[in-house]
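# Descriptive analysis of the structure
Here is what each chain is made of, one letter per residue.
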Amino acid sequence: MATVNKGETLIEVKGLKKHFGKLQVLRGIDEQIHAGEVVVIIGPSGSGKSTFLRCLNLLETPTGGDVIFEGESVMKAGKNINQLRERMGMVFQQFNLFPHLSVLENICIAPMKVKKAQRADTELRALKLLDRVGLGDKAKAYPAQLSGGQKQRVAIVRALAMEPDVMLFDEPTSALDPEMVGEVLDVMKSLAREGMTMVVVTHEMGFAREVGDRVLFMDEGIIMEQGTPEEVFGNPQNPRTQDFLRKVL
Amino acid sequence: MFSFEAFWQILTTKLPVFMEGVGVTVQLALYTALFGSLVGVVVALMRLSRIRPLRWLSGVYIEFLRGTPLLVQVLIIYYGLPQLGIRLPRMTAGTVALVINSAAYMAEIVRSGIQAIDAGQSEASRSLGMTSAQTMLYIILPQAIKNILPAVGNEFVVIIKESSILYTIGIYELTYQANKLASTNFRYLETLMISALVYFVLTFTTSRLLGLLERRMRRGDR
């Protein structure tokens with residue numbers, strides 16, 4: 001397994017294209033994500049943000065270009081894709097917790113089945129992680145007994161339990177009631193502070209501004225503009241970015 | 001005229017004859033439920049496979065077995081196959097016929113159960129690095145099985161009833177025993193009513209047990 005030092009390129013995206021039938025969703029994306037960086041992707045719906053994120057761990061198969069993760073081509077990974085995915089955690093808009101498993105089992109199943117980790121060690125680590133997100137008392141609960149915010153925090157812990165090198169967040173707060181958005185963003189902020197590499201698709205402009213090292217504005221399947229939050233939010237250059245920000249801010 | 005007296009007399013004196021039949025019927029049903037489910041899961045997975053020939057093969061299997069009468073299938077296996085040198089003992093032939101027939105129905109039940117699980121479940125599992133086999137085994141199938149339990153219970157009830165068809169190849173199951181008894185005491189109505197009642201006890205118990213299992217498995221979610 002390649003270990004990547006802070007600041008080095010972790011994910012390199014080259015000419016990434018994706019179409020669904022005749023619909024061109026991604027029209028050539030070149031991008032580098034560096035270790036320790038928090039990259040926030042914003043843009044109107046249908047702009048390809050989620051598709052871009054899902055191409056990184058091959059939940060969608062790109063129709064062109066390549067994604068290099070820790071020196072390995074995701075496209076050419078074949079069966080090794082599972083080993084690449086172990087090191088890329090993903091958090092979904094709809095949480096996607098496993099409803100038939102308890103919170104603890106949700107978190108432990110992948111480390112135990114994929115890494116063949118010992119149950120006792122895994123559970124101990126899971127409980128520590130749960131404590132960290134304020135859910136230490138929910139280990140035995142089932143997903144149906146949790147609120148949306150609690151579910152999403154468990155989903156984050158589940159991804160973290162695999163000790164990934166990068167975390168991908170696909171609109172993690174979009175399905176939440178407004179009063180629960182904060183608790184999930186707080187967890188993400190603390191992750192960012194600890195130096196986790198994160199790629200976050202979100203509509204939370206406050207989060208993008210506060211936590212993002214870099215903001216990508218996507219529209220029509222390409223990255224229209226990118227820069228630091230100060231640059232993109234304070235002084236957007238592209239008229240599409242200006243238009244979008246005027247509508248959402 | 002239906003004679004309750006005769007009914008009662010047959011029931012009390014000839015119960016061991018019925019019970020012998022029940023033993024065979026239950027044995028047939030258990031084997032069929034077990035192996036029919038296992039084969040059914042395999043056929044369902046083939047049906048959903050990415051490999052085209054497997055999909056095609058399982059499709060033909062399902063359509064053919066569901067589209068032809070069970071009685072004809074039983075007769076082909078018991079009387080037809082010996083022509084190809086495949087000579088199965090009565091009980092084996094009967095069980096095989098029930099299993100391959102039931103598996104076709106089970107396959108469709110399992111397939112629909114698997115397809116009803118949200119795609120996000122599989123995506124979440126794969127994103128954690130689990131293989132497609134691990135995802136199917138630990139994430140998709142447990143949820144699918146819970147959802148299809150009512151349909152599976154229904155299929156088990158069908159198996160118990162359909163096993164009576166094996167009477168035609170001379171397997172000493174419940175219907176065979178009842179019919180044989182009736183042909184000696186000439187009390188067809190009363191004797192066959194008893195066998196119907198015994199079938200009902202079997203099927204009712206089965207659906208109740210599965211209902212219980214269903215409620216147990218539903219704990220933890222809603």
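Reference entry: report on the structure contained in this document. (Residues numbered from 1 in each chain as written. Chains lettered and ligands numbered in written order. Predicted model: local features only at pLDDT ≥ 70, side-chain atom pairs only at ≥ 80, totals over all residues. Heavy atoms only, no water.)

## A word on the overall build of chain B
Across its full length, chain B holds nine helices and zero strands. When the helices and strands of chain B are placed in sequence order, the string is α-α-α-α-α-α-α-α-α. Its C-alpha atoms give chain B principal-axis dimensions of roughly 70 × 50 × 25 Å. Scored against the burial criterion, the 222 residues of chain B give a buried share of 45%. Residue pairs at least 24 apart in sequence account for 75% of intrachain contacts in chain B once pairs closer than 6 positions are excluded. Surface summary for chain B: the accessible area is close to 12000 Å², and the carbon and sulfur share equals 66%. (Helix = DSSP H or I, 4+ residues; strand = E, 2+ residues; numbered from the N terminus. Buried < 20%, exposed > 50% of the residue type's maximum accessible area, 1.4 Å probe, protein only. Contact = heavy atoms within 4.5 Å. Areas by Shrake-Rupley, 256 points an atom, 1.4 Å probe, with all protein chains shown as cover.)

## A short note on the overall build of chain A
The helix and strand inventory of chain A stands at nine helices and ten strands. Relative to the compact-globule value of 18 Å for 249 residues, chain A shows a C-alpha radius of gyration of 18 Å, a close match. Principal axes of the C-alpha set define a box for chain A whose edges measure 55 × 40 × 35 Å. Restricting the contact set of chain A to residue pairs at least 6 apart, pairs at least 24 apart contribute 67%. As displayed, chain A has an accessible area near 10700 Å², and 47% of this comes from carbon and sulfur atoms. Computed over 31 positive and 33 negative side-chain charges, the separation of the two mean positions in chain A equals 5 Å. (Rg over C-alpha atoms; globule rule 2.2 N^0.38 Å. Lys, Arg positive; Asp, Glu negative; His and termini not counted. Charge placed at Lys NZ, Arg CZ, Asp CG, Glu CD.)

## Points about a nonpolar patch on the surface
Residues and elements named next belong to chain B. Taken together, Phe-2, Phe-4, Trp-8, Leu-189 and Met-193 make up a surface patch of nonpolar side chains, about 540 Å² in accessible area. Of all the secondary-structure elements, those providing two or more residues to the nonpolar patch are helix H1 (4–13) and helix H9 (188–218). Looking at where Phe-2 falls in the secondary structure, it is placed in the segment before H1. We classify Phe-2 as partly exposed; its relative accessible area is 36%. (Patch = residues over 30% accessible without salt bridge, like charges linked within 9 Å, V, L, I, M, F, W, Y side chains within 5 Å. Salt bridge = Lys/Arg side-chain N within 4 Å of Asp/Glu carboxyl O.)

## What about unusual backbone geometry?
Phi at Leu-58 of chain A is positive, roughly 65 degrees, even though this residue is not glycine. Since its relative accessible area comes to 17%, Leu-58 of chain A is described here as buried.

## Thoughts on the pairing of strand S2 (residues 23–34) of chain A
All names here are of chain A. Pairing of strand S1 (residues 9–20) with S2, which is carried by nine bridges, proceeds in the antiparallel orientation. Each residue of the ladder has a partner; that of Thr-9, found in S2, is His-34. Once S1 ends, the chain turns through two residues before running back antiparallel as S2, passing Gly-21 with a positive phi of about 60 degrees. (Pairing = 2+ DSSP bridges.)

## A few points about the pairing of S1 of chain A
Across five bridges, S1 of chain A lies against strand S4 (residues 64–69) of chain A in antiparallel orientation. The partner of Lys-17 of chain A across the bridge, within S4 of chain A, is Gly-64 of chain A.

## Here we look at the interface of chain B and chain A
Between chain B and chain A, the contact holds 21 residues from the first and 26 residues from the second. Between chain B and chain A, the buried area comes to about 2000 Å², and carbon and sulfur atoms account for 60% of it. Of all residues in chain B, Glu-123, Ser-127 and Leu-128 of chain B bury the most surface against chain A, accounting for 30% of the area lost on that side. Between Arg-54 of chain A and Glu-123 of chain B there is a salt bridge, with the nearest N and O atoms lying 2.6 Å from each other. Linking chain B with chain A are seven residue pairs in polar contact (both at pLDDT 80 or more). (Buried area = accessible area lost by both parts, 1.4 Å probe. Polar contact = N/O pair within 3.5 Å; in protein donor to acceptor, adjacent residues only side chain to side chain.)

## Examining the sheet that holds S2 of chain A
Residues and elements named next belong to chain A. Judged by pairing direction, the sheet is antiparallel, and its four strands sit side by side in the order S2-S1-S4-S5 without closing on themselves. In this open sheet, the two edge strands, each paired with only one partner strand, are S2 and strand S5 (72–73). Sheet strands touched by helix H1 (residues 49–56): S1, S2 and S4. Its angle to S1, the strand with the most contacts, is close to 120 degrees. (Axes fitted to C-alpha atoms, helices over the stretch in contact; angles between N-to-C directions.)

## Remarks on the side chain of Ser-163 of chain B
Here Ser-163 of chain B shows up in the loop between helix H7 (132–162) and helix H8 (174–185). Not counting chain neighbours up to four residues away, the residues in contact with Ser-163 of chain B comprise Thr-25, Leu-28, Leu-98 and Glu-173 of chain B.

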